[in-house]
Amino acid sequence: MSEAFRLLLGGEAETWGIVGRSLGFAFFSTLFSFLPGVLAGFAAASLRPRWKRPAAAFLNALTALPTVVVGLFVYSLISRSGPLGFLVFLYAPAGVVMGQTFLALPIVASLVYAGLTKLDPRFRETLLTLGAGRWRRLLATAKEARSVLVAALVAAFGRVAGEVGVCMMLGGNIRGSTRTMTTAIALDASKGEFERAMALGLVLFVLAIVVNLGVHALAPREG
Amino acid sequence: MALYAFDGLSLSLGGAEVLSIPELEIEEGEVLALLGPNGSGKTSLLKILAALLAPSEGRVSFCGSPLGQGCALARRIVYLHQQPYIMAGSVSYNVEFGARSRGLGAREAAERAEAAMRLLGLEGFARRGHRALSGGEAQRVALARAIASGSDVLLLDEPTASADSASRELIARAIRRKAEAGATIVLATHDEELAGALGARALGLARGRIAEKEAR
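Residues numbered from 1 in each chain as written. Chains lettered and ligands numbered in written order. Predicted model: local features only at pLDDT ≥ 70, side-chain atom pairs only at ≥ 80, totals over all residues. Heavy atoms only, no water.

### Comments concerning the overall build of chain A
Then comes step 1: Scanning chain A from terminus to terminus reveals eleven helices and zero strands.
Then comes step 2: In chain A, the succession of α and β elements from N to C terminus is α-α-α-α-α-α-α-α-α-α-α.
Then comes step 3: Projected onto its principal axes, the C-alpha coordinates of chain A cover approximately 65 × 45 × 25 Å.
Then comes step 4: Within chain A, the proportion of its 223 residues that are buried is 42%.
Then comes step 5: The long-range share in chain A, meaning contacts at least 24 apart out of those at least 6 apart in sequence, stands at 74%.
Then comes step 6: Approximately 11600 Å² of chain A is accessible, and the part contributed by carbon and sulfur atoms is 69%.
Then comes step 7: Counting 21 positive and 11 negative side-chain charges, chain A places the averaged centre of each group 14 Å from the other. (Helix = DSSP H or I, 4+ residues; strand = E, 2+ residues; numbered from the N terminus. Buried < 20%, exposed > 50% of the residue type's maximum accessible area, 1.4 Å probe, protein only. Contact = heavy atoms within 4.5 Å. Areas by Shrake-Rupley, 256 points an atom, 1.4 Å probe, with all protein chains shown as cover. Lys, Arg positive; Asp, Glu negative; His and termini not counted. Charge placed at Lys NZ, Arg CZ, Asp CG, Glu CD.)

The structure is reproduced here in structure tokens:
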């Protein structure tokens, strides 16, 4: 453990390089998933009541998909023989970001949907009777539910920063290119080299605490 | 032609009939006060007029067309909840929102919002946040938003319920001005004094039925 702290506090370049890369991948994938995820959440929340429950169940099911399944799906798209093979994303940072984007999207959509359904029904009625058009309603709702949107963003970031399946399948754990905290931990632990694995585990632990505190602080209050 | 006309209206919620009004007409420019105890169906009736609730049976027409079609219901009416919803943001954002929703540009909306806020005694409230409003102030802000929208059909649910005497006077004055300008106003209230001051035709409701109807 003391060696793990030494790696972190001593600013060891490779360890912090892995941390930075992981956070960078998570940042971009969360960014790319945000707009489509928010729109999907809004669309689900504006469905007729009879369709809302199946839509919510579908979104929740997507959030529960194992990361390797998401990785496999994206792999089939970006592998050399896949429809997007010409992009040469496989075993490159772009491939990891793409896979994590697919992973984050349903998380954002599902949290946005859940947050919107908790909005006071008087809000919707007020918008309707004021005669606000579709876009004005959308913007007003985004403003009203901004804490929900930020909480969804933070939760999605936390989820993708700590996943391993997509990174491993699409990134290939290439040193200096696609190696992230989780894939580095898996590799180091398999080799019996626990110092860096422990150091990266500590970073992930702190990240998980910060993300959960953030989501808790931003989530809309009941009542 | 009546602005609203009911034909065999009935509303059931959760299997229980909460409203049954075989016949009712509301004329353009009329001020109608719905009176009655809690649970008499005043709010349900207002929500039907606002097209927020659909009748279980019967039909309601607006300007001669089935409610929700015809003469742009959403551009003419505005409904105020008993506990109005003030959106996250400042008072001026809320009041201007009413005008912007009806397609006004930023400058015209700001002018109209300022006039509405003046009418409701909300000078100096423009930058105040929605959380910093008392119940009576929130009702004044919501009414200012409704007036700024330019609606000529106001459906008001207990507009003075949370208001102190000063707020009540301001609200009553604003409603009176709208009525004098020719707006149609339907208000649910326990405040018979307010209804009298507005010269409203009284409609007494009891257990979802018309118990007393004042002649026009």
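Resuming the write-up.
### Some remarks on the sheet that holds strand β4 (residues 57-62) of chain B
Residue and element names in this part refer to chain B.
Then comes step 1: Strand order across the open sheet formed by four strands is β2-β1-β4-β5, with antiparallel pairing between neighbours. The open sheet has two edge strands with one neighbour each: β2 (16-26) and β5 (65-66).
Then comes step 2: In the sheet, strand β1 (residues 4-13) pairs with β2 via nine bridges, with the strands oriented antiparallel. Bridge pairing links S10 to S20 in β2. (Pairing = 2+ DSSP bridges.)

### Some points on the confidence of the model for chain B
Note that predicted coordinates carrying low pLDDT should not be read in detail.
Then comes step 1: With 96% of its residues at a pLDDT of at least 70, chain B reaches an overall mean of 91.
Then comes step 2: Both scores are given for the predicted complex: the pTM is 0.83, the ipTM 0.90. (pLDDT = per-residue confidence, 0-100.)

### With respect to the pattern of salt bridges
Between side chains of opposite charge, a pair can form as their charged atoms come close.
Then comes step 1: Counted by the stated rule, this structure contains 15 salt bridges over all chains.
Then comes step 2: Measuring nitrogen to oxygen at the nearest pair gives 3.9 Å for the salt bridge that ties E14 of chain A to R196 of chain A. Taken together, the positions of E14 of chain A in helix α2 (residues 13-45) and R196 of chain A in helix α11 (residues 194-218) put the pair 182 residues apart, joining distant regions of the chain.
Then comes step 3: For D191 of chain B, the salt bridge goes to R168 of chain B, with nearest N and O atoms at 2.8 Å. (Salt bridge = Lys/Arg side-chain N within 4 Å of Asp/Glu carboxyl O.)

### Focus on the pairing of β1 of chain B
Residue and element names in this part refer to chain B.
Then comes step 1: In textbook terms, the turn of a hairpin is the stretch between consecutive antiparallel strands, and for β1 and β2 this stretch comprises two residues, one of which, G14, has a positive phi near 60°.
Then comes step 2: Alignment of β1 against β4, held across five bridges, turns out to be antiparallel. Opposite D7, over in β4, you have R59 as the bridge partner.

### Some thoughts on the packing of helix α5 (residues 135-148) of chain B against helix α6 (residues 165-180) of chain B
All names here are of chain B.
Then comes step 1: With their axes 10 Å apart at the nearest point, α5 and α6 run at an angle of 15° to one another. The angle between α5 and α6 falls in the class roughly parallel. In this structure, α5 meets α6 at a crossing whose hand is left-handed. When α5 is examined against α6, the residues G136, Q139, R140, L143 and I147 are found in contact with a partner set consisting of S167, L170, I171, A174, I175 and K178.
Then comes step 2: Among the residues making up the contact of α5 with α6, the classes are represented as six nonpolar, three polar and two charged. (Axes fitted to C-alpha atoms, helices over the stretch in contact; angles between N-to-C directions. Parallel < 35°, antiparallel > 145°, perpendicular 65-115°, else oblique. Left-handed = near helix turned anticlockwise from the far one by under 90°. Nonpolar A, V, L, I, M, F, W, Y, C, P; charged D, E, K, R; others polar.)

### With respect to the interface of chain B and chain A
Then comes step 1: In this complex, chain B contributes 23 residues to the contact, which on the side of chain A involves 16 residues.
Then comes step 2: Together chain B and chain A conceal approximately 1800 Å² of surface at their shared face, both sides included; 58% is due to carbon and sulfur atoms.
Then comes step 3: Its salt-bridge partner being K47 of chain B, residue E125 of chain A comes within 3.3 Å of it at the nearest N-O pair.
Then comes step 4: Here chain B and chain A share nine residue pairs in polar contact (both at pLDDT 80 or more) between them.
Then comes step 5: Sorting the residues of the side of chain B that touches chain A by element identifies α2 (73-76), β6 (77-80) and α3 (91-101) of chain B as the ones contributing at least two each.
Then comes step 6: The class makeup of the residues in the side of chain B that touches chain A is twelve nonpolar, six polar and five charged. (Buried area = accessible area lost by both parts, 1.4 Å probe. Polar contact = N/O pair within 3.5 Å; in protein donor to acceptor, adjacent residues only side chain to side chain.)

### Observations concerning empty space enclosed by the protein
Then comes step 1: One pass over the full model with this rule turns up two cavities of 30 Å³ or more.
Then comes step 2: As a volume, the largest cavity reaches approximately 60 Å³.
Then comes step 3: Along the walls of the largest cavity sit T126 and L130 of chain A together with V78, Y79, L80, H81, P84, Y85, A142, R145 and A146 of chain B, which together make up its complete lining.
Then comes step 4: The computed volume of the second largest cavity comes to approximately 30 Å³.
Then comes step 5: Lining the second largest cavity, in full, are S22, Q100, V160, A161, E163, C167, T180, M181 and T182 of chain A.
Then comes step 6: Among the secondary structure elements, those contributing two or more residues to the lining of the second largest cavity are α8 (146-161) and α10 (181-190) of chain A. (1 Å grid on protein atoms, 1.4 Å probe; cavity = no way out; pocket = protein on both sides within 12 Å on 5 of 7 lines; lining within 4 Å. Points joined across faces, edges and corners; volume = space filled by probe spheres on them.)

### Digging into a nonpolar patch on the surface
Residue and element names in this part refer to chain A.
Then comes step 1: On the surface, M1, F5, L9, F194 and M198 cluster together to form a nonpolar patch covering roughly 560 Å² of accessible area.
Then comes step 2: Only α1 (2-9) and α11 provide two or more residues apiece to the nonpolar patch.
Then comes step 3: Within the secondary structure layout, M198 lies in helix α11.
Then comes step 4: Classification of M198 as partly exposed rests on a relative accessible area of 36%. (Patch = residues over 30% accessible without salt bridge, like charges linked within 9 Å, V, L, I, M, F, W, Y side chains within 5 Å.)

### Regarding the sheet that holds strand β7 (residues 153-157) of chain B
Residue and element names in this part refer to chain B.
Then comes step 1: Spatially, six strands are ordered β6-β7-β8-β3-β9-β10 in an open sheet, and the strand pairing comes out mixed. Looking at which strands have only one partner, the edges of the open sheet turn out to be β6 and β10 (209-213). Adjacent strand axes in the sheet meet at a mean angle of 20° when their direction is disregarded.
Then comes step 2: Note that strand β3 (residues 31-35) and strand β9 (residues 201-206) share four bridges and pair parallel. When the sheet's bridge partners are listed, L32 is paired in β9 with R201.
Then comes step 3: With respect to the sheet, α5 is in contact with β6 and β7, its orientation differing from that of β6 by roughly 175°.
Then comes step 4: Across the sheet, α6 touches β3, β7 and β8 (184-188), and the angle it forms with β8 is around 145°.

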